[in-house]
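Results of the structural survey
In case you want the letters, here they are:
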Amino acid sequence: MRNRYLIANWKMNLPPEGMRPYLDAVGRAEMNDVEIVVAPPFPYLRDVTRAPDRIFAGAQNCADQKSGAFTGEVSAWMLQELGVRYALVGHSERRALYGETDALLQRKLTAALEANLTPVLCVGEDLRVREAGHVARHLAEQIRAVTTPALESAREVVIAYEPVWAIGTGRSASGAMVAETVADIRDALARFWPVRYRDDAPILYGGSVTPDNVTDLQTNGGMDGYLVGGASLSSEKFLAIFDAMKVS
Ligand code: PEP
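Below you will find a few notes about this structure. Small disclaimer: the values here were computed from a predicted structure and weren't measured. (Residues numbered from 1 in each chain as written. Predicted model: local features only at pLDDT ≥ 70, side-chain atom pairs only at ≥ 80, totals over all residues. Heavy atoms only, no water.)

1. Points about the site of the ligand
In the vicinity of the ligand there are 14 residues, among which Lys11, Glu162, Gly168, Ser208 and Gly230 approach most closely. The contact in question runs from an oxygen atom of the ligand to an N or O atom on the side chain of histidine 91, over 2.8 Å. Broken down by class, the residue content of the shell around the ligand amounts to four nonpolar, eight polar and two charged. (Near = heavy atom within 4 Å. Polar contact = N/O pair within 3.5 Å; in protein donor to acceptor, adjacent residues only side chain to side chain. Nonpolar A, V, L, I, M, F, W, Y, C, P; charged D, E, K, R; others polar.)

Pasting the structure below:
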C-alpha cells in the first residue's frame with residue numbers, strides 16, 4: 001500500500017484569506033490516510049511546522065550543498081532541523097526560470113535524501129515533446145539523469161508528474177492520459193532506480209488540478225495524490241480536492 005499525498009505549492013504567494021485561518025481550516029479536515037503537505041515560501045516554513053499536527057511542511061526547493069559560501073541558498077539539513085519533512089526537487093519553474101539542470105537536480109536529490117527529507121521529484125514534458133510522441137522517453141531521461149546512490153537506502157521518494165503545458169494554464173491532463181503516463185514512469189523507475197521504486201514510489205499528478213477535474217483524475221488516473229498550485233491558495237478549494245480523494 002503506497003502512501004497518499006496532497007501537496008499545496010503556494011509558490012511565491014500567500015493565501016488571500018491569511019495563513020493562520022488557512023492552516024486552521026485545513027487542520028480541521030477529517031482524518032484519513034492522505035498526508036497533507038503545505039509548501040510555502042521559505043520565511044513561512046516555521047509557521048507551517050507549527051500548524052495543526054496533521055499538516056506537514058514542505059520546502060519548494062533546497063540547495064545542492066550542505067553549507068558554505070552559497071549566498072541565497074538554504075540547505076536540506078537546515079530545513080530538516082527546522083522540522084520540514086518534504087522538499088520539491090526539479091519543479092518545472094525551477095528548471096525553466098532558474099536554469100536548473102539535471103546534474104544540479106541529481107545533487108539536490110542526493111542532498112535531500114542525505115538530510116532525511118522526503119524529496120518530491122517533479123518530472124513532466126512540454127507540449128512540443130507531447131506532440132512529437134516522446135513523452136515516455138523524456139520522462140525516462142529525467143528519471144535516469146538524477147539517479148543517485150542515495151536512493152539505495154532512502155525511505156521514500158515521491159514522484160510528481162507535472163506536464164509543463166498543464167501548470168498554471170487551466171488546461172489539465174485527463175485521467176486516461178495520466179494513467180498511461182504513470183505506467184511509463186513506473187517502467188522508467190524499474191529500469192533506472194532500485195527496482196522497489198517501481199511499485200513503492202507514490203506518483204502524484206500536478207497541473208491545474210481543481211475540485212472540478214480531480215474526480216476524473218482520481219477515478220481514471222489512479223493517482224496517489226496531487227501537487228496543487230493555484231487551487232491550493234484557497235483552503236476551501238484545497239479541502240474540496242482532499243474530500244474528492246477520500247471517497248475514491
Ligand atoms: C504547481 O505549481 O506545481 C502546479 C501544478 O500549479 P497549478 O496547480 O497552478 O497548475
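2. A short note on the environment of leucine 121
As for its position among the elements, leucine 121 is in strand β5 (residues 118–123). The exposure class assigned to leucine 121 is buried, which follows from its relative accessible area of 0%. Placed 112 residues apart in sequence, leucine 121 and asparagine 9 show a C-alpha to C-alpha distance of 13 Å. Here leucine 121 is in contact with Val89, Arg95, Val146, Val158, Ile159, Ala160 and Trp193, once residues within four sequence places are set aside. (Helix = DSSP H or I, 4+ residues; strand = E, 2+ residues; numbered from the N terminus. Buried < 20%, exposed > 50% of the residue type's maximum accessible area, 1.4 Å probe, protein only. Contact = heavy atoms within 4.5 Å.)

3. Brief notes about the sheet that holds β5
Strand order in the closed barrel made by the eight strands is β1-β2-β3-β4-β5-β6-β7-β8, with parallel pairing throughout. Shown here is a sheet whose adjacent strand axes are inclined to one another by a mean of 30 degrees, direction ignored. Bridge count between strand β1 (residues 4–9) and strand β2 (residues 34–39): six bridges; the pairing is parallel. Its bridge partner being in β2, leucine 6 is matched across the sheet by isoleucine 36. (Pairing = 2+ DSSP bridges. Axes fitted to C-alpha atoms, helices over the stretch in contact; angles between N-to-C directions.)

4. Considerations on the side chain of aspartate 64
Examined against the element boundaries, aspartate 64 turns out to sit in the loop between β3 (55–59) and α3 (76–82). In this structure the side chain of aspartate 64 is engaged in a polar contact, spanning 2.8 Å, whose partner is the side chain of arginine 107. Residues in contact with aspartate 64, not counting those within four places in the same chain, are Leu104, Arg107, Lys108 and Ala111.

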